[in-house]
Amino acid sequence: MTSPAPAHPDLYLVDGSGFIFRAFHALPPMTRGDGVPVNAVYGFSNMIYKLLTDFAAAQVAVIFDAKEETFRNKIYPDYKANRDAPPEELVPQFALIRESVHAFCLPCLELEGFEADDLIATYAKQAKARGQKVVIVSSDKDLMQLVGDGVTMWDPIKARSIAEPEVFEKFGVTPDKVVDVQALAGDSVDNVPGVPGIGIKTAAQLINEYGDLETLLARAGEIKQPKRRESLIEHAEKARVSKLLVKLDEAVPVTTPIDELRPREPDSSKLTAYLAKMEFKTLLNRVTTRLREEGQVVEHPDLPVETAAAAARALDPTPEAPVEARYELVQDLPALQRWIARAQRVGVVAFDTETDSLTPCVCGIVGVSLAVAPGEACYIPLCHVNPDAGGLDLDQAAKPQQISLDEFKTAIGPLLTDPSVLKIAHNGKFDLQVLQCLGLDVTPIDDTMLMSYALDGGSHGHGMDELASIHLGLKTTTFAEVCGSGKAQITFDRVPLDRALAYAAEDADVTLRLWQLFKQRLLADHMTTLYETIDRPLLRVVAGMESAGILIDRNALAKMGQKFGERMVQLEAEVQKLAGRPFNLGSPKQLGEVLFDELKLEGGRKLKSGAWTTDASVLDEIEDSHPIIPAIQSWRQLAKLKATYTDALQEEIQQKTGRVHTSYALAATSTGRLSSTEPNLQNIPIRTEEGRQIRTAFIAGPGNVLLSVDYSQIELRIVADIANIQALRDAFTNGDDIHALTASQVFGVPMADMTKDIRARAKAINFGIIYGISAFGLARQLGIPQSEASAYIKAYLERFSELRDYMEETKSFARKHGYVLTLLGRKCHVAGINEKNPARRSFAERQAINGRIQGTAADIMRRAMRNVSRALQRAGSPAQMLLQVHDELVFEVPETHAEATAAIVRTEMERAATLGVPLVAEAGWGKSWADAH
DNA sequence: GTGCTCACG
DNA sequence: GACGTACGTGAGCACT
């Protein structure tokens, strides 16, 4: 205790709800032997014990928020609307904390429709009225309005008391004026609006000058500063609403009269039983010792030793010796139930599902493996067939003995949703979807692949085999070793059970061991917040997007493909006629020979392989030198569209759902972006008119529309913000045309004389900045001499001088650490930054510069996706998020809800980060993706 | 399996 | 002044 306790006050009102959250975040993670997280409960129990002993508190009541909405939501529906859902590890602790209150035999109070703060205000008022002193045990600033006149506060985490001087220090006014200050300043945590542009400092100054809020608002016209004056006049009503939100209700119809908050009558056996159950050894010892000193006869309850040992193994990241693996094949219900019971005792279980294909929306489950401690894992076959039987063998007797799927579901279901048992998967997005198809939900869930990505993104891959080798020194059995590869590959349901056991159980085992390591490292490397608030919640959001899939008009694609094909035949004939001989137009090698060896065209470049380059930029340069070139360009474009889009996309439509289900990799890129595969729906054409047609085949179902919302210029806005380039920041704040402004500044052209061409050059420079500009690259992009490009860059850096400092700072940070950091603290590793080879070094430097920018944009989008998903859920919206294309989100929504959904999505995207420049998101919708822009 | 080309942001 | 270049992806095709 760092400062003396207040002198024997009478009534202690403990803000239980406030304490839970603060203790959870202030205390290191801690789990009971069975794996239930208990750090907040532990902090709470200790705090109560301290109040009762050190403070000799004779009358204590603990007060909680009721779960339901409060009267404040009726005044202002968005009140506390931006709160995150509590972390999964906190959820089971709410009930345990209430148990703690009962174990200490204290009154536990809550009332629907009111916050804990209102009950505290009410009891404080009643106590004051009868001359009783009050100590509010809380550090919540919202309670500071109650301080004074016999009421003080005690901050249990900082162990300091809060009286008038401390309140004045915080708010700059006496406690009776705190609400007026809060009404003006607002509160971003509780989503109290306040008056824009006014913070606590200004608010205090105004209130001290004018006396109170109403007087201030009435005389707002007298304020000298024009912005402040206008804001106050315009937002007077917001201030009044804010005051209603922050003012605590002192007349709550409490159901327990203050007289009944009687001094406690301790029940020592109840308390010791509780502490033993929670395995709070130190606290239990202190309590029993004290009780014995008081002359009571106390049994010291035993802690559950066996579970503690099992848990120690499950949670210990560094087993002394290599663990011997003991894997069990589970073929009957009693055996399964033994494993489920073990998982429940330990509170942590790693799992993995085996399926007959890698497409989660259509595949069938084949088996599940579980691991509860390193080396202790099992495999539960569910749909294996006789490996020797032919493909059409339907003979039931030939199937190996296994638990039926229904039995399995019934048995495992409760475990998968048990809030006190953490489920761990590697790439849980897949397992989540497979189990969802069976009607099974999984929560809470941790993902070792995402943990690894948060820790080591960009330095290596995050597949399990690779991680097992890096971190555990284990060479795991690969899928190919079990199922073969190529033509001889078999599905997992044909793998003999002994080999399936060895493979599948090992996967769960390795997952558990990786989790133990990563859990510690996330804390040590300060990456827990990133993982917990961004990547982990995204798992479910993206699983939902993949499962939903998008509707594609197969007929439209087929027609387009045919049209493209016919045109290609004509073009091919034309090209071969001009070439003077038939050749394979699809072969760059043959084409190069035709153009540069046979037709002897000028301007050819060679690749390092010695072959001629025939890429689009070369063809563009020699476009006018021969009529064969335009024909080749057209053929190339159509060939690409037909093969990659019209033809391939039709094959991706899943029979079962009639839709296309892409797969998003959450842990693949070096910058934090997602990537999309099988098919890649992040590179659907848009830049040319012919290409854009493909997007007309991406459609909404009957009655629905596709809604597209995209960030405007997000990466350039990020540059303006993190490099703090004043001119760019001003331009974005004013909503100016950013490329035109750049052109005017760099080329000295007045805005009025701007031409399309000059603006286009400036646009290329702006992109160059994002990529870590080089004269060579810019010259190539614009088709100008390198000397000219150098001059542009020089002019740019003179006009926007802050950029040079930013680039130098980024490079030196990368040299020192080997990575750069994004806005949300994601590490973006860059290899080769300290290399001697200048080419490789410059490459790494550009990567570093780009990584910070692209990575920050990716962070913002990840956070936006989480927030949008939550906001839509909260609003009860029927909209479904379908696609993400780096700065764009696509939804399917009933036409009647398009406008409302667009508003929610835009708002959430724009508030996903607070930069020094506004974030802007634009929305559009229509029957197809082409129409949504 | 690797290289080239090209679709997207 | 070296040294090859814009940043980040995935897919289809030709060719080894």
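Residues numbered from 1 in each chain as written. Chains lettered and ligands numbered in written order. Predicted model: local features only at pLDDT ≥ 70, side-chain atom pairs only at ≥ 80, totals over all residues. Heavy atoms only, no water.

- Looking up chain A in an unreviewed UniProt entry gives the name DNA polymerase I, with the organism given as Roseiterribacter gracilis.
- Per UniProt, chain A has the following entry under Catalytic activity (unreviewed entry): "DNA(n) + a 2'-deoxyribonucleoside 5'-triphosphate = DNA(n+1) + diphosphate".
- According to the UniProt record, the Subunit (unreviewed entry) comment for chain A reads "Single-chain monomer with multiple functions." (UniProt positions renumbered as here; feature names shortened; annotations may be inferred.)

Brief notes about the side chain of Ser676
And then number 1: Position of Ser676 relative to the elements: it lies in strand 16 (residues 675–677).
And then number 2: Residue classification places Ser676 among the buried residues on the basis of a relative accessible area of 5%.
And then number 3: Side-chain polar atoms of Ser676 contact the backbone nitrogen of Leu681, separated by 2.8 Å. (Helix = DSSP H or I, 4+ residues; strand = E, 2+ residues; numbered from the N terminus. Buried < 20%, exposed > 50% of the residue type's maximum accessible area, 1.4 Å probe, protein only. Polar contact = N/O pair within 3.5 Å; in protein donor to acceptor, adjacent residues only side chain to side chain.)

Section: the nonpolar core
And then number 1: One finds Phe698, Leu803 and Met909 to be the most contacted residues of the largest nonpolar core, which totals 180 residues.
And then number 2: Dropping the residues within four chain positions of it, Phe698 is found in contact with Ile550, Leu551, Ile552, Leu649, Leu681, Ile684, Leu706, Lys927, Ser928 and Trp929.
And then number 3: Membership of the second largest hydrophobic core comes to 51 residues, among which are Leu111, Val167, Ile207 and Val254. (Core = buried A, V, L, I, M, F, W, Y, C linked by side-chain atoms within 4.5 Å. Contact = heavy atoms within 4.5 Å.)

Quick word on the sheet that holds strand 13 (residues 550–552)
And then number 1: Strand order across the open sheet formed by 3 strands is 14-13-17, with antiparallel pairing between neighbours. Each edge of the open sheet carries a strand with a single partner, namely strand 14 (659–660) and strand 17 (698–699).
And then number 2: Two elements, strand 13 and strand 17, share 2 bridges in a ladder whose sense is antiparallel. The partner of Ile552 across the bridge, within strand 17, is Phe698. (Pairing = 2+ DSSP bridges.)

Concerning the sheet that holds strand 11 (residues 422–425)
And then number 1: Overall, mixed pairing links the 6 strands, which are arranged 7-10-9-8-11-12 in an open sheet. The open sheet has two edge strands with one neighbour each: strand 7 (326–329) and strand 12 (445–447). Taken pair by pair, the neighbouring strands of this sheet meet at an average axis angle of 25°, ignoring direction.
And then number 2: Here 4 bridges tie strand 7 to strand 10 (residues 376–381), and the two strands are oriented parallel to one another. When the sheet's bridge partners are listed, Leu329 is paired in strand 10 with Tyr379. (Axes fitted to C-alpha atoms, helices over the stretch in contact; angles between N-to-C directions.)

Overview of the protein's contact with DNA strand B
And then number 1: Near DNA strand B you find 21 residues, and of these Ala616, Arg636, Ile686, Arg687 and Asp887 are the closest.
And then number 2: For DNA strand B, the backbone portion of the atoms within 4 Å of the protein, that is sugar and phosphate, comes to 76%.
And then number 3: The separation between a phosphate oxygen of DNA strand B and a polar side-chain atom of Ser609 is 3.2 Å.
And then number 4: Between DNA strand B and Arg673 there is a distance of 3.1 Å, counted from a base nitrogen to a side-chain nitrogen or oxygen.
And then number 5: Among the elements that line the surface near DNA strand B, the one with the most residues is helix 26 (residues 628–651), at 3 residues. (Near = heavy atom within 4 Å.)

Observations concerning the pattern of salt bridges
And then number 1: Evaluated as defined, the whole model comprises 43 salt bridges.
And then number 2: The salt bridge partner of Arg342 is Glu376, with a shortest N-O separation of 2.4 Å. With Arg342 in helix 15 (residues 333–346) and Glu376 in strand 10, this residue pair connects regions lying 34 residues apart in the sequence.
And then number 3: Here Arg673 makes a salt bridge to Glu715, at a shortest N to O gap of 3.6 Å. (Salt bridge = Lys/Arg side-chain N within 4 Å of Asp/Glu carboxyl O.)

Here we look at helix 34 (residues 802–817)
And then number 1: When the terminal C-alpha atoms of helix 34 are compared, their 23 Å separation across 16 residues agrees well with the 22 Å that a helix rising 1.5 Å per residue should span.
And then number 2: Burial in helix 34 covers these residues: Leu803, Tyr806, Met807, Thr810, Lys811 and Ala814. Looking straight down helix 34, one finds its buried side chains confined to an arc of 125°; they lie on one side. In helix 34, the exposed positions that point more than 90 degrees away from the buried face belong to Asp805 and Lys816.
And then number 3: Where helix 34 terminates, the next one or two residues include Gly818, which has phi positive at roughly 85°. (Expected span 1.5 Å × (residues − 1). Arc of directions from axis to C-beta.)

Considering the protein's contact with DNA strand C
And then number 1: Taken together, 33 residues surround DNA strand C, and among them Ser587, Ser675, Glu678, Phe843 and Gln847 come closest.
And then number 2: The sugar-phosphate backbone supplies 60% of the atoms of DNA strand C found within 4 Å of the protein.
And then number 3: Measuring from a sugar or linking oxygen of DNA strand C, one finds a side-chain N or O atom of Asn680 at 2.9 Å.
And then number 4: At the level of elements, helix 26, strand 16, helix 31 (756–771), helix 32 (775–782) and helix 35 (838–874) are the ones that each hand at least two residues to the surface near DNA strand C.
And then number 5: With 7 residues, the single largest contributor to the surface near DNA strand C is helix 35.
And then number 6: When grouped by side-chain class, the residues that make up the surface near DNA strand C number 10 nonpolar, 18 polar and 5 charged. (Nonpolar A, V, L, I, M, F, W, Y, C, P; charged D, E, K, R; others polar.)

Observations regarding the side chain of Gln854
And then number 1: Its location among the elements puts Gln854 in helix 35.
And then number 2: For Gln854, the residues in contact, after removing those within four places along its chain, are Thr671, Arg673 and Glu715.

Focus: the confidence of the model for chain A
And then number 1: Across chain A, the average pLDDT comes to 90, with 95% of residues at 70 or higher.
And then number 2: Across residues 1–8, confidence stays below pLDDT 50; counting only partners more than four residues off in sequence or on other chains, it has 13 contacts.
And then number 3: A low-confidence stretch, residues 304–312 stays under pLDDT 50, and its non-local contacts, those more than four residues away or across chains, total 8 contacts. (pLDDT = per-residue confidence, 0-100.)

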